[in-house]
Protein chains: 2
Amino acid sequence: MTHLITQADLRSIALTVGIDRLMDEAIAAIHDAFCRYDQSRTEVRKREGFRLQNQRESVLEWMPIQETGEVVTMKLVSYNPANPERSGLPTVIASNSLYDVKTGRLLALMDGVFPTALRTGAASAVATRLLAHPDSRCVGIVGCGAQAVTQLHALSRVLRIARVRVHDVNPRHQASFPQRVSFLGLDVRPSSLAELCAEADVLCTATSVPPGGGPVLVDKDLAPHLHVNAVGSDLPGKTELPLSLLERSLVCPDYLPQAVEEGECQQLRPDQIGPTIVDVAKDPARFERWRTQSTVFDSTGFALEDQVITRIFWRYAQELGLGTEVALESTGSALNPYDFLAGPDASPARSLDDVYQRPLDR
Amino acid sequence: MTHLITQADLRSIALTVGIDRLMDEAIAAIHDAFCRYDQSRTEVRKREGFRLQNQRESVLEWMPIQETGEVVTMKLVSYNPANPERSGLPTVIASNSLYDVKTGRLLALMDGVFPTALRTGAASAVATRLLAHPDSRCVGIVGCGAQAVTQLHALSRVLRIARVRVHDVNPRHQASFPQRVSFLGLDVRPSSLAELCAEADVLCTATSVPPGGGPVLVDKDLAPHLHVNAVGSDLPGKTELPLSLLERSLVCPDYLPQAVEEGECQQLRPDQIGPTIVDVAKDPARFERWRTQSTVFDSTGFALEDQVITRIFWRYAQELGLGTEVALESTGSALNPYDFLAGPDASPARSLDDVYQRPLDR
């Protein structure tokens, strides 16, 4: 049986657990997964995918990860920046599935839109806790789409935020953002890009800038201790940050093989790239001094984060009795693919002969 | 909404349509897809995957294919030869999904076990019709598992079969095979490997021989016009046929980049590999003379076949009103991942403030 966990089930989980607690759990579990990450036990594949409709900024990608001896987690994720305007759908649409490594069966399938937004926020919170100045009070957000909501929520769980300055090239997205995050009770105001950059202790870039269209901010008046969570870079050619900022910062990719192809690291030589966020999490004292200097979390989206969030929701669905068990796969007989046609409730036909000879009649 | 098409739905389709007609349609549609295959319009990715539990003969793989401007088909398929003995499950377990290229949404998810068995049989029937001697009367089957059932069914739709000789290293699989294909009304008898090879006009190898364990037959007394559908080779190191047979045969892979890594073509130099089955289907007259000579269809499993069979079942599910529409993905709001928590039937909490602040209580 396959455990189907829909949007409604995730909602029930979120309403029962509470989203602050859910975000706190995601932050703790992702931090823990970074600390315990062992390539001999966890096998990650770099994201691969198709360009859709020959548009280079529109993709459908797969992100597989295996925990040896346990499960394979697979996320299918699509990035379609035209979605909000064209169809009212989110830019990022995803579904997450879990496979039993002992039999190959599909154990669970769930929405991936909400988990992706949560885990991307949580990963930034982990990086911020490790790399930002502990007295950071002002958060700047460049790009006010769906991801920005969970970015700010996650940061609010690890920083004592005094004020938030937000900017988007789309005036409607910028204007609606304070209302979308009103549940946080923070001072959130639209701002010019220049003011935002001058004020921010922690910056988040989460834009849909097209490949070749970056950077989305200029390297002027930035705080010497600025920490940036660069969330938007996730395509070849798509980068958000000015090269000069990257060059003087400790740039920490989430997953290096991906970051050099799709992240801010595309702009850097290998010797200019810092430790991965996993390295920092495993040995935080070693990188402590960077809290007073410029740092960048190059967040391209790491399958390890998807594995963590998928397992969190799967566990909650099991504990709370949510979701539906579905007999999706035709696994009734080991040696006969037609055996399942002769089940006790095979209504249209009476016998195997009847089944196998019945002409088309519709 | 995602169209969920379960085992029960595929059964309803098969019972309504009839499996002969379903197989005939699969054969015709796959043949047609080979003839119309255009790499500028259909983008196939080579199968990639994980070894499961560090066993080299146990894998979970993904097979993506895009029809530009239409849909992406993704099959997740697991090969676990220990399944039948260990858990009574099929060796091959799969699920097939379809994605809308315009939005990235998951359009449909269905069982892939039954479709995989059908399409693998249908592909062999296409190859047999193109490459086997037209007077072929004796079919030999080496390896009597699940795939052998649909192999024989498919061949029975394109050949006038007089007798079938079958062999398996597992005596129980060999002994039970005639009963499993009794619906075909053919003369099916277990046989020694030597007798089978000496008699066969068309051979099918569909074994679970481990990598390095082949060949599964010896090159002795084989008919000069023998056509082989080599279905089992689908892993690095796994091959079923003796090199000498391959060297004197026209070896036609389904998908060359895969066959050189996982198929019988692993054993050959590039200049020893014949045209692909797509090339043969596009220009059958050119290869007509090979019908009286030795030919091999190196069937590693081609994503194009999965695309065809998945679309056939999806169309039938739509026409017959089968399957279930599920709101899997959380796509309610383009700009707010938390918006779906505030739906009209959000029972555990009354307001957004309540939702967002509610402590864990269970």
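Residues numbered from 1 in each chain as written. Chains lettered and ligands numbered in written order. Predicted model: local features only at pLDDT ≥ 70, side-chain atom pairs only at ≥ 80, totals over all residues. Heavy atoms only, no water.

Novice: Just give me the short version of helix 4 (residues 113-131) of chain A, but keep the residues and values in it.
Specialist: In this model helix 4 of chain A runs 27 Å from its N-terminal to its C-terminal C-alpha over 19 residues, within 8% of the 27 Å that 1.5 Å per residue would give. The buried fraction of helix 4 of chain A amounts to 18 of the 19 residues, a majority that puts the element mostly inside the structure. (Helix = DSSP H or I, 4+ residues; strand = E, 2+ residues; numbered from the N terminus. Expected span 1.5 Å × (residues − 1). Buried < 20%, exposed > 50% of the residue type's maximum accessible area, 1.4 Å probe, protein only.)

Novice: So what's going on with helix 1 (residues 7-17) of chain A? Which residues, and what values?
Specialist: Residues and elements named next belong to chain A. Among the 11 residues in helix 1, nine count as buried, and that is most of the element. If you check which residues of helix 1 are buried, you get Gln7, Asp9, Leu10, Arg11, Ile13, Ala14, Leu15, Thr16 and Val17. Positioned one or two residues after helix 1, glycine 18 has a phi angle of 95 degrees, which is positive.

Novice: Could you give an account of the sheet that holds strand 9 (residues 163-167) of chain B, with specific residues and numbers?
Specialist: All names here are of chain B. Taken in spatial order, the seven strands line up as 10-9-8-11-12-14-13 in an open sheet, and their pairing is parallel. Across the chains shown, the open sheet's two edge strands, defined by having one partner strand only, are strand 10 (188-190) and strand 13 (250-253). Between one strand and the next, the sheet's axes are offset by a mean angle of 20 degrees, whatever the strand orientation. Pairing geometry for strand 13 and strand 14 (residues 295-298), over four bridges, is parallel. Within the sheet, the bridge partner assigned to leucine 250 lies in strand 14 and is threonine 295. (Pairing = 2+ DSSP bridges. Axes fitted to C-alpha atoms, helices over the stretch in contact; angles between N-to-C directions.)

Novice: I'd love a proper account of the relation of the copies chain A and chain B, names of residues and values included.
Specialist: For the pair chain A and chain B, the relating rotation is 180 degrees, the translation along its axis is 0.0 Å, and the fit reaches an RMSD of 0.0 Å. The superposition of one copy onto the other is thereby described by a two-fold rotation axis. Measuring from the rotation axis to each C-alpha of chain A, the shortest distance belongs to Trp62(A), at 4.5 Å. Most of the interface of chain A is mirrored in chain B: 100% of its interface residues are interface residues there too. (Least-squares fit on C-alpha atoms with pLDDT ≥ 70 in both. Contact = heavy atoms within 4.5 Å.)

Novice: I'd love a proper account of the sheet that holds strand 8 (residues 138-142) of chain A, names of residues and values included.
Specialist: All names here are of chain A. Spatially, the seven strands line up as an open sheet ordered 10-9-8-11-12-14-13, and their pairing is parallel. The open sheet has two free edges, formed respectively by strand 10 (188-190) and strand 13 (250-253), since each of these has just one partner strand. Sheet twist, expressed as the mean angle between neighbouring strand axes with direction ignored, is 20 degrees. Where helix 4 meets the sheet, its contacts fall on strand 11 (202-205), strand 12 (227-230), strand 13 and strand 14 (295-298), and the angle it forms with strand 12 comes to roughly 160 degrees. Contacts from helix 5 (residues 146-156) reach strand 8, strand 9 (163-167), strand 10, strand 11 and strand 12, with the element oriented near 165 degrees to strand 8.

Novice: How would you explain the side chain of Glu329(B) if you had to name every residue and give the values?
Specialist: Topologically, Glu329(B) is positioned in the loop between strand 15 (324-326) and helix 12 (352-357). Residue Glu329(B) is classed as buried on the basis of its relative accessible area of 2%. Of the polar contacts made by the side chain of Glu329(B), one reaches the side chain of Arg105(B); its length is 3.1 Å. Apart from residues lying up to four places away in sequence, Glu329(B) is in contact with Gln7(A), Ile93(A), Ala94(A), Asp111(A), Val113(A), Thr2(B), Arg105(B) and Leu106(B). (Polar contact = N/O pair within 3.5 Å; in protein donor to acceptor, adjacent residues only side chain to side chain.)

Novice: Quick one: what's the story with the packing of aromatic side chains, residue by residue and with numbers?
Specialist: All told, the structure shown has 16 aromatic pairs over all chains when counted by the stated rule. Ring centres of Tyr37(A) and Phe302(A) lie 5.8 Å apart, and the angle between their planes is 85 degrees; on these two criteria the pair is classed as edge-to-face. Of this pair, Tyr37(A) sits in the loop between helix 2 (19-36) and strand 2 (42-44) while Phe302(A) sits in the loop between strand 14 and helix 11 (303-320), and the two are 265 residues apart along the sequence. Here Tyr37(A) matches Phe302(A) in class, with each residue buried. Ring geometry for Phe50(B) and Trp62(B): centres 5.3 Å apart, planes at 70 degrees, overall edge-to-face. In this pair, Phe50(B) sits in strand 3 (residues 48-51) while Trp62(B) sits in strand 4 (residues 59-67), placing the two residues 12 residues apart along the sequence. These aromatic residues form a ring-pair network of at least three members: Phe114(A), Phe183(A), Phe313(A), Tyr338(B) and Phe340(B). A cation sits over an aromatic face here: Arg315(A) above Tyr316(A), 4.7 Å from the ring centre. (Phe/Tyr/Trp six-rings, centres within 6.5 Å; stacked < 30°, edge-to-face > 60°. Lys NZ or Arg CZ within 6 Å of the ring centre and 35° of its normal.)

In short, geometric facts, not functional conclusions.
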